[in-house]
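# Residue-level structural notes
Here's the letter readout for the chains.
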Amino acid sequence: FAPTVAVVRNDRWGRTYEGYSEDPRIVAAYAPRIVEGIQGKLGTPDFLGEDRMIATAKHFVGDGGTHDGVDQGDYQGTEAELREIHAAGYPPAIAAGVQTVMASYNSFHGEKMHGNRTMLTDVLVGRMGFDGFVVGDWNGHGQVEGCSPESCPQSFNAGLDMFMVPSDWKALYRNLLEQVRSGEISEDRLDEAVGRILRVKARAGILDAPMPSERKNGGNWDLLAAPGHRAIAREAVRKSLVLLKNENGLLPIPPASRVLVAGDGAHDIGKQSGGWTLSWQGTGNSREHFPNGESIFEGLAAAIESAGGTAVLSEDGAWSEKPDVAVVVFGEDPYAETQGDRKHVDFDPQDGLELLRAFREAGIATVSVFISGRPLWTNPEINLSDAFVAAWLPGTEGGGIADVLVAKADGTPHHDFTGKLSYSWPALASQAEVNIGDDNYSPQFAYGYGLSYAQAGVVPTLSERSGLGDGDRPRASDLVLYGDPAGSWRLVLRDNGGNA
């Protein structure tokens, strides 16, 4: 069930972190590479070989562009926008040989995709040339008008080849057979779906393969948390970090520093991993559930101590000996589909802000490590931070953050920042839809923004006017200075409604 090739255009959506970018060009570039990583390269002996799996491009189509960013909601844009933006990842994924495509929960102008024959059959199979099979999402067919999880000939006739039905499959099976006998579903359509599924299984060697436990790699537990796999994951962490601010060159943290690591995300691998981790929403996880993982604090402590410094964990920010630097790790708590939807993009919790304010009043330099599945309005937190790093969801390899934030014993960085924003960062808490190419494009940090040690930049005091109305967040000014990757600047004055 990967890759997700949604092009996310509204960051209120709780599945934003499953996508790669607001830019369809990035999604179109990533899609075939992820497919090849899972399935192997089409046309080679490795394709769907013993070390490979069957990939799924999902969710077809428009899930990243629903009205107000509502999960399983309605896509109300034009067909041209649906084609040019939201479907951008499918042709290259199909060209790379993706074997399954998952239908989306969302609707297209009120018509559920699980029952949309125009999209599932005419477009996906007919125009795009997809020759694998179409699989449904979890009871997604039950949302089609006139259907239930136990019965949905409409979805099958529209082009869904395999239902994803978790608990009502026996009733669905009986009803489908009866619908074929009655002629409501044609035998040709049934044969077509069965043929598509068998064709994919034959390509993957499943029809001739022994039980999974007897196949290559079956029972090879050494592959779990294998050193090579962890090394790649750690590399991905350090390359995905985006430096938004680094006042007075605070980073990298100098050798022999006394560092206080604070915040509720400092030593919480569940939080830094996010949703879909061990549990559906990623909640209820504790440190012992990740025996081979490394928290952000653990990674920082190892790097700081190797550079001759000391690191102390204090999630509430209390200290007895004044530190040289405080690293505050905070951000979104784990969530997955639906529960992650938001009414706005203001980062609501005040815990991180309070810690930053306390450290500022004590004269302690601060580095914010912000954990999130999307860009969020954090101007008050950025203003109180000497350095601010968008760490996204680094997962189990917390040491990847230390690889970039902490200097070697000689004072030089282990690695520089290379990450750039693939999502525009909002200038207002009400600015859920801010995408490269928009008319009147005015983000806080533009698509492609990202500082580095080699290329520093100045971030002025940011406006703390949220745009949500009185009483939502502290406000400082209405005058905002914007910068873009090309180095140009402009001043924007906003009215009381937050309009530029």
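Everything discussed here concerns the structure shown above.
So, here is what we can say about the structure in this document. (Residues numbered from 1 in each chain as written. Predicted model: local features only at pLDDT ≥ 70, side-chain atom pairs only at ≥ 80, totals over all residues. Heavy atoms only, no water.)

### Re the overall build of the chain
The cut-off we apply is this: Working definition: helices are DSSP H or I runs of at least four residues, strands are E runs of at least two. Numbering for both runs from the N terminus. Using C-alpha atoms as the atom set, the radius of gyration is obtained and then compared with a globule rule of 2.2 Å times the number of residues to the power 0.38. Relative accessible area decides the class of each residue, using a 1.4 Å probe on protein chains only: under 20% of the type maximum gives buried, over 50% gives exposed, and in between gives partly exposed. We call two residues in contact when some of their heavy atoms are within 4.5 Å. Here the Shrake-Rupley method, with its probe set to 1.4 Å, supplies the accessible areas, and only the displayed protein chains count as covering residues.
The secondary structure content of the chain amounts to 13 helices and 14 strands. For the chain, whose C-alpha radius of gyration is 25 Å, the value lies close to the compact-globule estimate of 23 Å for 500 residues. With respect to the three principal axes, the spread of C-alpha positions in the chain is 80 × 55 × 40 Å. In the chain, which comprises 500 residues, the share counted as buried stands at 53%. Considering only contacts in the chain between residues 6 or more positions apart, those separated by 24 or more positions represent 72%. As displayed, the chain offers around 21,800 Å² of accessible surface, 52% of which is attributable to carbon and sulfur atoms.

### Quick notes on unusual backbone geometry
A negative phi angle is the norm for most residues apart from glycine, just as the trans form is the norm for most peptide bonds. Cis rather than trans, the peptide bond between Ala-2 and Pro-3 has omega equal to 10°. Mapped onto the elements of the fold, Pro-3 is located in the segment before α1 (24–39). In this chain, Phe-60 is followed by Val-61 through a cis amide linkage whose omega measures -5°. In this structure, Asn-139 is a non-glycine residue whose phi angle is positive, near 55°. As for its placement among the helices and strands, Asn-139 is situated in the loop between β6 (133–135) and α5 (153–158). Positioned with a positive phi, Ala-225 is a non-glycine residue whose angle comes to about 60°. Of note, Ala-225 is situated in the loop between α7 (187–203) and α8 (227–240).

### Considering the pairing of strand β3 (residues 100–103)
A regular strand carries its side chains on alternate faces of the sheet. Under the convention used in this document: Strand pairing requires that DSSP identify at least two bridges connecting the strands.
Side chains Thr-100 and Met-102 of β3 all project onto a buried face; the interleaved residues Val-101 and Ala-103 project onto the opposite face, where all are buried too. Taken together, the three bridges between strand β1 (residues 56–60) and β3 define a ladder with parallel strand orientation. In the strand pairing of β3, Phe-60 is matched with Ala-103. Across three bridges, the pairing between β3 and β6 is parallel. Note that in β6 the partner of Val-101 across the bridge is Val-134.

### Focus: the pattern of salt bridges
As a reminder of what qualifies: One side-chain nitrogen of Lys or Arg within 4 Å of one carboxyl oxygen of Asp or Glu is enough to make a salt bridge.
Applying the stated criterion across every chain, the model contains 27 salt bridges. Several salt bridges share partner residues, and in doing so they unite Asp-161, Arg-189, Glu-192 and Arg-196 into one network.

### Some remarks on the sheet that holds β3
Paired through backbone hydrogen bonds, the strands of a sheet run either parallel or antiparallel to each other. Under the convention used in this document: Axis lines are fitted through C-alpha atoms, for helices just across the contact stretch, and the angle between N-to-C directions can take any value from 0 to 180 degrees.
Read across the sheet, three strands follow the order β1-β3-β6 without closing on themselves; strand pairing throughout is parallel. The open sheet terminates on both sides in strands that have one partner only, identified here as β1 and β6. Across the sheet, the mean angle separating the axes of adjacent strands is 30° when strand polarity is ignored. Along the sheet face, helix α4 (residues 117–127) touches β1, β3 and β6 and points at about 130° away from the line of β1.

### Let's talk about the nonpolar core
Under the convention used in this document: Among buried residues, those of type Ala, Val, Leu, Ile, Met, Phe, Trp, Tyr and Cys that are joined through side-chain atoms within 4.5 Å constitute a nonpolar core.
In this structure, Leu-244, Leu-251, Leu-405, Trp-425 and Phe-445 are the most contacted members of the largest nonpolar core, which totals 60 residues. Every element with two or more residues in this core is listed here: β7 (242–246), β8 (258–262), α10 (296–306), β10 (325–331), α11 (351–361), β11 (365–371), β12 (387–392) and α13 (399–405). When near neighbours in sequence (up to four residues on either side) are disregarded, Trp-425 contacts Leu-244, Phe-370, Pro-375, Leu-376, Thr-378, Ile-382, Phe-388, Ala-390, Trp-392, Pro-443, Gln-444 and Phe-445. If you look at the next biggest cluster of nonpolar residues, it comprises 41 residues, including Ala-57, Ala-87, Phe-156 and Val-180.

### Topic: the side chain of Asn-116
Counted only if it meets this: Whenever two N or O atoms come within 3.5 Å, that pair is a polar contact, provided that in protein one can donate a hydrogen and the other can accept it, and provided that, for residues adjacent in sequence, both atoms are side-chain atoms.
Structurally, Asn-116 is set in the loop between β5 (111–112) and α4. Note on Asn-116: relative accessible area 3%, which makes it buried. At a separation of 3.0 Å, a polar atom in the side chain of Asn-116 contacts the main-chain amide nitrogen of Met-119. Residue contacts for Asn-116: discarding those within four places in its chain leaves Phe-108, Glu-111 and Ala-158.

### With respect to the environment of Asp-333
Looking at the secondary structure, you find Asp-333 in the loop between β10 and α11. Spatially, the C-alpha atoms of Asp-333 and Gly-89 are 29 Å apart, while their sequence positions differ by 244 residues. With near-sequence residues (within four places) excluded, Asp-333 lies in contact with Asp-264 and Lys-271. One polar contact links Asp-333 to Lys-271, side chain to side chain, over a distance of 2.9 Å.

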